[in-house]
Amino acid sequence: MVSTLSTSLKEKIEARRANVAVIGMGYVGLPLALLYIGQKFPVTGFDIDRRKVDTLNQGGSYIYRIETSEIKDALTHGFTATFDYSRITEMDAVIICVPTPLNEYHEPDLSYITATAEAIAPNLRSGQLVVLESTTYPGTTEEVLIPILEKKNRGGLKASRNGASTGHEFFVAFSPEREDPGNTSVARRDIPKVVGGLDEQAADLAAALYGAIFNRVVRVSSPAAAEMTKLLENIYRCVNIALVNELKMLCLCMGLDIWEVIVAAATKPFVFQPFYPGPGLGGHCIPVDPFYLSWKAKEFDFRTKFIELAGEINVGMPYQVISEVMNALNRQKKALNGSRVLVLGVAYKKDIDDLRESPALTIIELLQKEGAEVSYNDPYFPMIGRGRHYDLQMKRTDLNDLGQYDCVLIVTDHSDYDYQEIVNESQLVVDTRNATRGIKSDKVVRC
Ligand SMILES: NC(=O)c1ccc[n+]([C@@H]2O[C@H](COP(=O)([O-])OP(=O)(O)OC[C@H]3O[C@@H](n4cnc5c(N)ncnc54)[C@H](O)[C@@H]3O)[C@@H](O)[C@H]2O)c1
């Protein structure tokens, strides 16, 4: 039997009258909120960071690729931001986009999800749809989120299971985020959205909610299947990147150019997808998410050997970069200790303003540890302050006098840089991204 609560929420969604809450106004949540605003839904963004809430309510933006004009426009179309969780009661659909990092022991840190669930629960009302989007291990929605929502709500509400209707139910689904920051080749609307509901009604509602902003919704049988789908996608990337990183090191020994080889292999019109080597993994997803699964696997006495091996290789890449810099300087009869090194690009990938887990940060720390005098340049970061794992306190240097550096180290291949000019003006360029492809010069070392 279809609950009247679910029918009435579906009608509200289809009429664009459903109040949508997006919790976590970060890289995932804010663009999502804007998509719903674009489809004329009334949207409220929740965040515990008051600076973000104030900035948004004043029409400002703190994400490089989101223009302030978009926020100002959203405010005139029913968008507001708040840190007041009592306003959850006014919402019809609640989408959770809070961080899921690893703790210092490399284990899942679900504290943001549990804190969010604790804050929602007392304000939950029957008939609401709650969707978790944060990347996490299979089982989180059912084993962590739902128990808190059920235990801590004030009306004895239960998550709808097996379509049974009591009039006291709310609906729960998991739907992973698939954003690829900086990728402009696929319109956000064209990225299919995977959805796993706790029951058919929750799946229907979540499919209706996402169907309003995505062209295709892919339904899977459960929240756990949707959670696992996201991890498979990221583990696939992580393992393949480790494979090319390992092959890159072999190619360096053999005097081969791995980039040339990958480009050639990618001409195969079937069953080969190119992955590219680099100075190490970065970003919130690829270095982090696979370990959510390996942690969960231990509960089943299962070792995820591919994930562990890929992790080992990828974590070693910044050290390989340091040894390449040392060797390159050595060939010029210089030691890294005391050398001036300019790190070009600190974002974790090209053309984005995200530093999280960037290998550049590890590389800067390792260079400093070896006694190098390190400067950096990145168009997106005027300074590097303090993050979860580092405290560098550095200010960006300009590119006026590249000849003063013993080594210019390209860590992130931003499109803004003129690589020919960089090579012309530098004494030595170590390139970890193949940014100098096509430039012939003895000064360039590709690694
Ligand atoms: N950034 C990406 O490209 C990307 C892609 C796919 C999936 N994801 C996943 O999406 C989730 C969110 O990532 P993100 O990049 O948007 O993170 P983020 O750090 O940019 O944003 C998270 C926001 O949540 C807020 N927050 C934390 N606790 C809160 C609470 N209790 N209540 C309200 N707000 C709270 C933070 O202040 C922050 O503004 C993570 O699980 C991540 O793995 C991210």
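Everything here concerns the structure above.
Residues numbered from 1 in each chain as written. Predicted model: local features only at pLDDT ≥ 70, side-chain atom pairs only at ≥ 80, totals over all residues. Heavy atoms only, no water.

S.K.: Give me the lowdown on the site of the ligand, citing residues and values where you can.
M.R.: Around the ligand, the surrounding shell holds 27 residues, and the nearest of these are D47, K52, Y85, T100 and H284. With respect to the ligand, the backbone of V98 contributes an N or O atom lying 3.4 Å from an oxygen atom. T116 has a polar side-chain atom sitting 3.2 Å from a nitrogen atom of the ligand. Considered on its own, the ligand offers 820 Å² of accessible surface; in the complex 93% of this is hidden by protein. (Near = heavy atom within 4 Å. Polar contact = N/O pair within 3.5 Å; in protein donor to acceptor, adjacent residues only side chain to side chain. Areas by Shrake-Rupley, 256 points an atom, 1.4 Å probe, with all protein chains shown as cover.)

S.K.: Residue-level account of the pattern of salt bridges, with values.
M.R.: What the rule picks out here adds up to 19 salt bridges. Residue E233 pairs with R178 through a salt bridge whose shortest N-O separation is 2.6 Å. Pair noted here: E233 is in helix 8 (residues 223–254) and R178 is in the loop between strand 7 (169–174) and strand 8 (193–197), with a separation of 55 residues, a long-range link. Exposure remark for E233: the relative accessible area of 23% places this residue in the partly exposed category. One salt bridge in this structure joins R219 and E200, with 3.0 Å as the shortest N-O distance. Here E200 lies in helix 7 (residues 200–211) and R219 lies in strand 9 (residues 217–220), a separation of 19 residues in the sequence. (Salt bridge = Lys/Arg side-chain N within 4 Å of Asp/Glu carboxyl O. Helix = DSSP H or I, 4+ residues; strand = E, 2+ residues; numbered from the N terminus. Buried < 20%, exposed > 50% of the residue type's maximum accessible area, 1.4 Å probe, protein only.)

S.K.: I'd like a description of the environment of P31, backed by residues and values.
M.R.: By the element assignment, P31 lies in helix 2 (residues 29–38). Separated by 34 residues in sequence, P31 and R65 have C-alpha atoms that sit 9.8 Å apart. Not counting chain neighbours up to four residues away, the residues in contact with P31 comprise G26, I66 and R188. (Contact = heavy atoms within 4.5 Å.)

S.K.: Could you give an account of helix 3 (residues 50–57), with specific residues and numbers?
M.R.: Regarding helix 3, its N-cap is D49, as a side-chain oxygen of that residue lies 3.0 Å from the backbone nitrogen of R51 further along. Positive phi appears at G59, one or two residues downstream of helix 3, with a value of about 80°.

S.K.: A description of unusual backbone geometry should follow, citing residues and the corresponding values.
M.R.: One non-glycine residue, D301, lies in positive phi territory at about 60°. Along the chain, the position of D301 falls in the loop between helix 10 (289–298) and helix 11 (305–331). With phi around 45°, Q393 is a residue other than glycine that occupies positive phi space. With respect to the helices and strands, the residue Q393 is situated in strand 13 (residues 391–395).

S.K.: Kindly report on the environment of K334, identifying the contributing residues and their values.
M.R.: In this fold, K334 is placed in the loop between helix 11 and strand 10 (340–344). The spacing of K334 and D406 is 72 residues in sequence and 8.5 Å in space, taken between C-alpha atoms. Look past the residues within four positions of K334 in its chain and what remains in contact with it is L329, S339, D406 and Q427.

S.K.: Provide a residue-level description of the sheet that holds strand 10, including the pertinent values.
M.R.: Working definition: the strands of a sheet are paired by backbone hydrogen bonds and lie parallel or antiparallel to each other. Ordered by their spatial adjacency, five strands build an open sheet running 11-10-14-15-16, and the pairing between neighbours is parallel. Of all strands in the sheet, those bounded by a partner on one side alone are strand 11 (373–377) and strand 16 (444–446). Going across the sheet, the axis of each strand differs from the next one's by a mean of 20°, ignoring polarity. Relative to the sheet, helix 11 contacts strand 14 (407–410), strand 15 (429–431) and strand 16, its axis offset from that of strand 14 by approximately 150°. Contacting strand 10, strand 11 and strand 14, helix 12 (residues 359–369) runs over the sheet at an angle of about 155° to strand 11. (Pairing = 2+ DSSP bridges. Axes fitted to C-alpha atoms, helices over the stretch in contact; angles between N-to-C directions.)

Nothing here speaks to function; it is all geometry.
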